[in-house]
Amino acid sequence: MSAVEKRSVTIRGHRTSYSLEKPFYDDLVGIAATRKLTLAALVAEVDETRPRDTNLSSALRLFVLQWAKRGAG
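(A) Up close: the overall build of the protein chain. Tallying secondary structure elements over the protein chain gives three helices and two strands in all. Ordered by position from N to C terminus, the α and β elements of the protein chain give β-β-α-α-α. For the protein chain, the C-alpha radius of gyration of 12 Å lies close to 11 Å, the compact-globule estimate for 73 residues. A buried classification covers 32% of the 73 residues belonging to the protein chain. In the form shown here, the protein chain has an accessible surface area of approximately 4700 Å², with 54% of it arising from carbon and sulfur atoms. Positive and negative side-chain charges of the protein chain, numbering 12 and 8 respectively, have mean locations separated by a distance of 2 Å.

(B) Broad picture of the pattern of salt bridges. One pass over the full model with this rule turns up seven salt bridges. Its salt-bridge partner being Arg7, residue Glu5 comes within 3.0 Å of it at the nearest N-O pair. Residue class for Glu5 comes out partly exposed when judged on its relative accessible area of 35%. Ionic pairing is found between Asp47 and Arg12, a salt bridge with its closest N-O pair at 2.6 Å. With Asp47 in helix α2 (residues 39-49) and Arg12 in the loop between β1 (4-11) and β2 (14-21), this pair connects stretches of sequence that are 35 residues apart. A residue is classified by how much of its surface remains accessible, and Asp47, at 6% relative accessible area, is buried. When its relative accessible area of 53% is taken as the criterion, Arg12 is described as exposed. Taken together, the salt bridges that share partners define one network made up of Arg12, Asp47, Glu48 and Arg50.

(C) Quick look at the environment of Glu5. Looking at where Glu5 falls in the secondary structure, it is placed in strand β1. A distance of 3.0 Å separates the side chain of Glu5 from the side chain of Arg7, its partner in a polar contact.

(D) A look at the packing of α2 against helix α3 (residues 56-70). Running from N to C, α2 and α3 cross one another at 105°; their axes reach a closest spacing of 10 Å. The orientation of α2 relative to α3 falls into the category roughly perpendicular. Between α2 and α3, the contacting residues are Leu42, Val43, Val46 and Asp47 on the first element and Leu56, Ala59, Leu60 and Phe63 on the second. When grouped by side-chain class, the residues that make up the contact of α2 with α3 number seven nonpolar, no polar and one charged.

Rules used throughout
Residues numbered from 1 in each chain as written. Predicted model: local features only at pLDDT ≥ 70, side-chain atom pairs only at ≥ 80, totals over all residues. Heavy atoms only, no water. Helix = DSSP H or I, 4+ residues; strand = E, 2+ residues; numbered from the N terminus. Rg over C-alpha atoms; globule rule 2.2 N^0.38 Å. Buried < 20%, exposed > 50% of the residue type's maximum accessible area, 1.4 Å probe, protein only. Areas by Shrake-Rupley, 256 points an atom, 1.4 Å probe, with all protein chains shown as cover. Lys, Arg positive; Asp, Glu negative; His and termini not counted. Charge placed at Lys NZ, Arg CZ, Asp CG, Glu CD. Salt bridge = Lys/Arg side-chain N within 4 Å of Asp/Glu carboxyl O. Polar contact = N/O pair within 3.5 Å; in protein donor to acceptor, adjacent residues only side chain to side chain. Axes fitted to C-alpha atoms, helices over the stretch in contact; angles between N-to-C directions. Parallel < 35°, antiparallel > 145°, perpendicular 65-115°, else oblique. Contact = heavy atoms within 4.5 Å. Nonpolar A, V, L, I, M, F, W, Y, C, P; charged D, E, K, R; others polar.

Quick look at the structure:
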C-alpha cells in the first residue's frame, strides 16, 4: 500500500492542500501532461467542478478513476 502524501497548491489565489496516495498523484501528473495543463490548473478544474459536499482529495481520486475507466491517455 502506498502512504498518503499531503501536497499544497494555489487555486484562484488561495493556498489549499490535498492528500493522495502516490499512484493517484502519479496518474494525476500524467493526465495533466497529456492534456498539456499544469498540475495546478488540472487541480483547479477538478476543484471547480466537484460537488461542494465532496472534499478535494476525494474529488481528485474520483477524477483519476473516471479517466482510467474511459481509457483516456
